[in-house]
Amino acid sequence: MARYLVLTPEWPDDTEERTVFVRDGFSLLAFLFPVPWLLLRRLWFHAIMILAATTGMSMLGASSGHGVAATLVTTLLFALVGLEANHWRAQRLIRHGYAESGIVHAASAADAEIIYFHDRAQLAPPPPEPAAMRRDKPVAGPAMPVRGGMVGLVGHRGDI
């Protein structure tokens with residue numbers, strides 16, 4: 001099971017529509033395609049830095065004859081991107097007005113969404129009844145204490 005960070009916007013309109021579930025952990029697509037993944041997630045600074053580091057290492061490895069070492073370092077850099085990409089995405093959303101609402105453990109993002117919104121619906125207070133539906137209960141007099149126990153399905157009052 002994966003862990004998903006739930007981020008909701010701080011502005012009140014369309015909270016359910018704009019809720020984002022970010023998976024905590026390694027991102028395989030960010031490892032395989034780091035720069036396009038970062039650009040699609042609008043992480044411009046990170047994408048530029050990874051592109052510059054990759055280009056610099058490739059040029060340095062080619063000019064010094066250490067191409068294998070440059071490839072190894074580039075692979076380690078891509079592994080770092082795969083490990084940190086979702087964290088960078090969550091931090092970007094928080095900077096843009098989202099707040100952490102919770103953590104959900106689920107098998108997929110769709111399951112995390114179902115679990116989060118189902119639990120939220122269960123915890124929400126019930127809506128107030130309309131005035132036409134309300135039934136005022138009759139006011140009873142002082143209640144007599146119940147003595148004795150139950151006999152079958154019928155309560156037994158032991159009046160002394």
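The structure under discussion appears in the preceding block.
A brief look at the structure comes next. Because the structure is predicted, anything quoted here is derived from the model rather than measured.

### Things to note about the pattern of salt bridges
On inspection of all chains with the given rule, the structure shows 1 salt bridge. Arg3 is the partner of Asp24 in a salt bridge, and the nearest nitrogen-oxygen pair spans 2.6 Å. Here Asp24 is found in strand E2 (residues 20-24), whereas its partner Arg3 is found in strand E1 (residues 2-9), with 21 residues between them in sequence.

### Points about the environment of Leu39
Mapped onto the elements, Leu39 comes out in helix H2 (residues 34-40). You can call Leu39 partly exposed: its relative accessible area is 38%. Once you skip the residues sitting within four places of it in the chain, Leu39 turns out to touch Trp44 and Ala47.

### Details of the nonpolar core
Counting 12 residues, the largest nonpolar core consists of Ala30, Val35, Trp37, Leu38, Leu43, Ala47, Ile50, Met57, Leu77, Val81, Ala85 and Trp88. Within the residue set of this core, elements represented by two or more residues are H2, helix H3 (44-64) and helix H4 (67-95). At 4 residues, the largest contribution of residues to this core is made by H4. Sequence-distant contacts of Leu43, defined by excluding residues within four places in its chain, comprise Trp37, Leu38, Ala85, Trp88, Arg89 and Arg92.

### Some details on the packing of aromatic side chains
Per the stated rule, a full pass over the model turns up 4 aromatic pairs. Centre to centre, the rings of Phe21 and Tyr116 are 5.8 Å apart; their planes meet at 75°, and the pair counts as edge-to-face. Residue Phe21 is located in strand E2, and its partner Tyr116 is located in helix H5 (residues 109-123); the two are separated by 95 residues in the primary sequence. Residue classification places Phe21 among the buried residues on the basis of a relative accessible area of 13%. For Tyr116, a relative accessible area of 14% corresponds to the buried category. With centroids separated by 6.3 Å and ring planes inclined at 80°, the aromatic side chains of Phe21 and Phe117 adopt a geometry described as edge-to-face. Taken together, the residues span a long stretch of sequence, with Phe21 in strand E2 and Phe117 in helix H5 at a distance of 96 residues. Here the aromatic residues Phe21, Tyr116 and Phe117 are joined through ring pairs into a cluster of three or more.

Calculation rules
- Residues numbered from 1 in each chain as written.
- Predicted model: local features only at pLDDT ≥ 70, side-chain atom pairs only at ≥ 80, totals over all residues.
- Heavy atoms only, no water.
- Salt bridge = Lys/Arg side-chain N within 4 Å of Asp/Glu carboxyl O.
- Helix = DSSP H or I, 4+ residues; strand = E, 2+ residues; numbered from the N terminus.
- Buried < 20%, exposed > 50% of the residue type's maximum accessible area, 1.4 Å probe, protein only.
- Contact = heavy atoms within 4.5 Å.
- Core = buried A, V, L, I, M, F, W, Y, C linked by side-chain atoms within 4.5 Å.
- Phe/Tyr/Trp six-rings, centres within 6.5 Å; stacked < 30°, edge-to-face > 60°.

No statement about biological role is implied by the geometric values presented.
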